[in-house]
Each structure stands twice: as structure tokens, then as C-alpha cells.
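Working through the structure, step by step
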Amino acid sequence: MPTLMPSSELLRRAVVFIDETRREHPEKKFADILDEAAMRFNLSPLDCEALARILDGEKPKNSQS
């Protein structure tokens, strides 16, 4: 039986996924990464809009700096 997860946890995991994917695959378009995160973490269109506003244009965090 699947466990229900709070939407805040799904958003947190989506942000981590997006950050890691952007760092590991800089050639991928942000929109494609966001679409994949939306499917993986069952994000609403509103969640996707918010993430796009917050994260688009932001450089991925580099763990080496």
C-alpha cells in the first residue's frame, strides 16, 4: 500500500532532483528537467509555475565551491 507524503516533502524532493540534474547534465533544458520532476513527484501546475519562477535562471549549486 502506498504511503501518502505531504506536498511540502514532494516539493523539497523535486528541488533536490532539479538541482542535481542541472549539475550533472548542464546540457539539458530547464523546462525538460521541470517536466520530468513534475511527473516523478506528482507536482501540480501551480507547483511547477512556482518552481519555474524561483529556480529558472538560478545557477545550479556547485558542491566543489
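These notes cover the structure that comes with them. (Residues numbered from 1 in each chain as written. Predicted model: local features only at pLDDT ≥ 70, side-chain atom pairs only at ≥ 80, totals over all residues. Heavy atoms only, no water.)

Brief notes about the overall build of the protein
The helix and strand inventory of the protein stands at 3 helices and 0 strands. Its helices and strands in sequence order give the protein the pattern α-α-α, from N to C terminus. For the protein, buried positions account for 23% of its 65 residues. Restricting to contacts in the protein with at least 6 residues of sequence separation, those with at least 24 account for 53%. (Helix = DSSP H or I, 4+ residues; strand = E, 2+ residues; numbered from the N terminus. Buried < 20%, exposed > 50% of the residue type's maximum accessible area, 1.4 Å probe, protein only. Contact = heavy atoms within 4.5 Å.)

Topic: the pattern of salt bridges
Evaluation of the coordinates by the stated rule reveals 5 salt bridges. The salt bridge involving Glu 9 is made with Arg 12; its shortest N-O contact spans 2.9 Å. Placement of the pair is Glu 9 and Arg 12 together in helix α1 (residues 7–24), with a separation of 3 residues, close to one helical turn. On the accessibility criterion, Arg 12 (46% relative accessible area) is partly exposed. Of the charged contacts, one joins Arg 23 and Asp 19 as a salt bridge, the two residues approaching to 3.1 Å between their closest N and O atoms. (Salt bridge = Lys/Arg side-chain N within 4 Å of Asp/Glu carboxyl O.)

Things to note about the packing of α1 against helix α2 (residues 30–41)
The contact between α1 and α2 brings their axes to 10 Å, and the two run at 145 degrees. α1 and α2 meet at a crossing whose hand is right-handed. Residue-level contacts link Leu 10, Arg 13, Ala 14, Phe 17, Ile 18, Thr 21 and Arg 22 of α1 to Phe 30, Ile 33, Leu 34, Glu 36, Ala 37, Arg 40 and Phe 41 of α2. Of the residues contributing to the contact of α1 with α2, the split by class is 9 nonpolar, 1 polar and 4 charged. (Axes fitted to C-alpha atoms, helices over the stretch in contact; angles between N-to-C directions. Left-handed = near helix turned anticlockwise from the far one by under 90°. Nonpolar A, V, L, I, M, F, W, Y, C, P; charged D, E, K, R; others polar.)

Any link to function would need more than the numbers given here.
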